[in-house]
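Fold and contact review
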Amino acid sequence: MHNAKGLLGGVVRDKLWRLCHRRSFCSLKLTPEDLDNQVLVEGNGCSRTAILNRPPQLNALTPHMGYRLQKLYKNWEEDPNIGFVMMKGSGRAFCAGGDVVSLYHLIKRGSPDAIREFFSSLYSFIYLLGTYLKPHVAILNGVTMGGGTGVSIPGTFRVATDRTIFATPETIIGFHPDAGASFNLSHLPGRLGEYLGLTGLKLSGAEMLTCGLATHYIRSEEVLVMEEQLKKLLTDDPSVVESSLEKYSEVAHPEKTSVLCRIDLLDKCFGHDTVEEIIDSLETEAGRRKDTWCTTTLRRLKANSPLSLKVALRSIREARFLTLDQCLIREYRMSLQGTIGPMCGNFCEGVRARLIDKDEVPKWDPPSLEKVSEDMVDDYFSALTATEPDLDLPIKLRESI
C-alpha cells in the first residue's frame with residue numbers, strides 16, 4: 001500500500017533511476033530494496049497485483065524483475081487464499097519491453113553470462129504466466145511493446161484502453177520478435193502477425209480488441225473503478241472475474257484508416273513466401289491504389305534491418321506449428337545469437353541509432369535484402385555452440401499451450 005514515506009521513496013528512486021539510466025552502469029549501487037521496488041505489490045482480499053515500477057524507463061524489464069515476478073507468482077499460485085492475480089504498470093506505460101539499452105551496455109562490456117541471465121529470467125516468467133493455474137488480468141493502460149506484450153498476452157485476460165499502444169518493434173533495432181512474440185503473432189488472423197512482426201508498426205487498444213490481442217476494452221478513466229471492483233472479488237473462478245470485467249467493457253471499433261480495415265490487402269501482400277516478394281507486392285499495390293498504408297508500410301520495411309526481416313518472417317511462420325515452450329526455447333537460442341554471437345552488431349547498431357545517439361541512421365550488416373544469405377538466417381536459429389545449453393523450462397511440471 002502507498003503512503004507518504006513510500007511516495008517520497010518513489011521520488012528518490014525515480015531520480016536514482018534517471019541518473020543511472022543516463023550514465024549506464026554507473027558507480028551507484030542499487031540496494032536490494034531498490035531492486036525489489038522495480039516490482040511493487042498490492043494485496044487486497046483474494047487478489048494480488050504486481051506493479052511494474054520503472055516509470056522513467058516506461059517500466060522496461062530487467063533480469064531482477066523477471067526473477068521477482070517468478071518468485072511472487074509461484075508463491076501466489078501456491079497460496080490457497082489468493083484467487084487471482086493482476087498486473088499493471090506505473091505511470092504512462094504498462095511496459096515498453098526489455099531494457100535494451102542496458103542490454104546494449106552488457107554487450108559492450110563483454111558480459112555474456114549477464115546477457116544469458118537477462119533473457120532466461122524473462123522468458124522463464126513468460127512460460128510461468130502462460131501455464132498459470134489462476135486467473136490473470138493484465139491492465140494495458142499505456143505503452144505495451146516488445147517484452148511488455150510477452151508478460152501480458154499469455155495470461156487469461158488482457159484489458160486494453162484508449163491509451164494503449166501495442167507494438168513488437170524488434171526489427172527496428174536489428175533484433176527479432178522475442179519474449180513469446182513469434183507464438184503470439186503467429187496466432188493472429190490472416191497475415192497480421194507477419195505485418196506487425198516485420199514492420200514494428202503500432203496498434204491501438206481498439207485494434208487489439210478486434211484482432212484478439214486484448215480480451216476487453218474500457219475507457220482509461222474507468223480503470224481505477226474497475227480495479228477497485230476487482231479487488232473486492234472473493235473468487236478463483238475465471239468466469240466471475242470475466243463477468244466483473246464485462247461490466248466495464250465496451251465495444252470498440254477500429255478507425256477507418258486502421259490496418260484491420262485493409263485485412264484483405266494485407267493478406268495479399270504479406271502472404272508471399274519471401275520478404276522480397278512482400279515488398280514487390282506492396283510496391284505494385286502502392287502504384288495501383290495510391291494508398292498511404294502501402295507507402296507507410298514500405299517505408300518502414302526498407303528502414304528496418306534486412307537480416308531481422310528475414311529472420312522474423314521465418315520465425316513467425318514456423319511458430320504456427322510450435323507450442324509456447326518450443327517458441328521460447330527457440331527464441332532464447334536466437335536472442336543469444338543476436339546479442340552474443342557474430343551477428344550482434346545489428347542489435348548494437350539499431351539500439352545506438354534509435355535509442356542512444358538517436359540519429360535514426362543505422363548502418364545494417366548486411367545492408368540490403370539481397371545480401372542476406374540463407375546460411376545467415378539458418379545460423380540465427382542455431383545454438384551459439386554445440387555445448388550451449390538451451391533455455392531450461394519446467395515443461396514436465398507445467399503443461400504448455
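This is a predicted model, so every value here is computed, not measured.

1. Some thoughts on the pattern of salt bridges
Using the criterion set out here, one finds 28 salt bridges in the structure. Of the charged contacts in the structure, one is a salt bridge between E227 and K88, with a shortest N-O distance of 2.8 Å. Taken together, the residues E227 in helix α10 (residues 223-231) and K88 in strand β3 (residues 84-89) connect sequence positions 139 residues apart. The exposure classification of E227 matches that of K88, with both residues buried. E285 is the salt-bridge partner of K268, the closest N and O atoms lying 2.9 Å from each other. In this pair, K268 is assigned in helix α12 (residues 263-270) and E285 in helix α13 (residues 275-289), connecting sequence segments 17 residues apart. Residue classification places K268 among the partly exposed positions, given a relative accessible area of 41%. Take E285: its relative accessible area is 2%, and that puts it in the buried class. Among the charged side chains, a network of salt bridges with common partners joins E42, K88, E227, E228 and K231.

2. Observations regarding the sheet that holds strand β10 (residues 216-217)
The strands making up a sheet associate through backbone hydrogen bonding, with each pair oriented either parallel or antiparallel. Pairing within the open sheet is mixed, and its six strands lie in the order β1-β2-β3-β5-β7-β10. Of all strands in the sheet, those bounded by a partner on one side alone are β1 (39-44) and β10. Lying over the sheet, helix α11 (residues 238-248) contacts β3, β5 (136-140), β7 (157-160) and β10, oriented at roughly 10° with respect to β7.

3. Description of the UniProt feature "domain: Enoyl-CoA hydratase/isomerase" (unreviewed entry) in the protein chain
Listed under "domain: Enoyl-CoA hydratase/isomerase" (unreviewed entry) in the UniProt record, and renumbered for this structure, are residues 48-381. Regarding residues 48-381, the helix share stands at 52% and the strand share at 10%, and the terminal C-alpha atoms are separated by 38 Å.

4. A short note on the packing of α12 against α13
In contact at an axis separation of 8 Å, α12 and α13 are set at 140° when each is read in the N-to-C sense. The angle between the axes of α12 and α13 places the two elements in the oblique class. Taken together, the residues of α13 that come into contact with α12 (itself represented by L265, K268, C269 and F270) are I278, S281, L282, E285, R288 and R289.

Rules behind the numbers
Residues numbered from 1 in each chain as written. Predicted model: local features only at pLDDT ≥ 70, side-chain atom pairs only at ≥ 80, totals over all residues. Heavy atoms only, no water. Salt bridge = Lys/Arg side-chain N within 4 Å of Asp/Glu carboxyl O. Helix = DSSP H or I, 4+ residues; strand = E, 2+ residues; numbered from the N terminus. Buried < 20%, exposed > 50% of the residue type's maximum accessible area, 1.4 Å probe, protein only. Pairing = 2+ DSSP bridges. Contact = heavy atoms within 4.5 Å. Axes fitted to C-alpha atoms, helices over the stretch in contact; angles between N-to-C directions. UniProt positions renumbered as here; feature names shortened; annotations may be inferred. Parallel < 35°, antiparallel > 145°, perpendicular 65-115°, else oblique.

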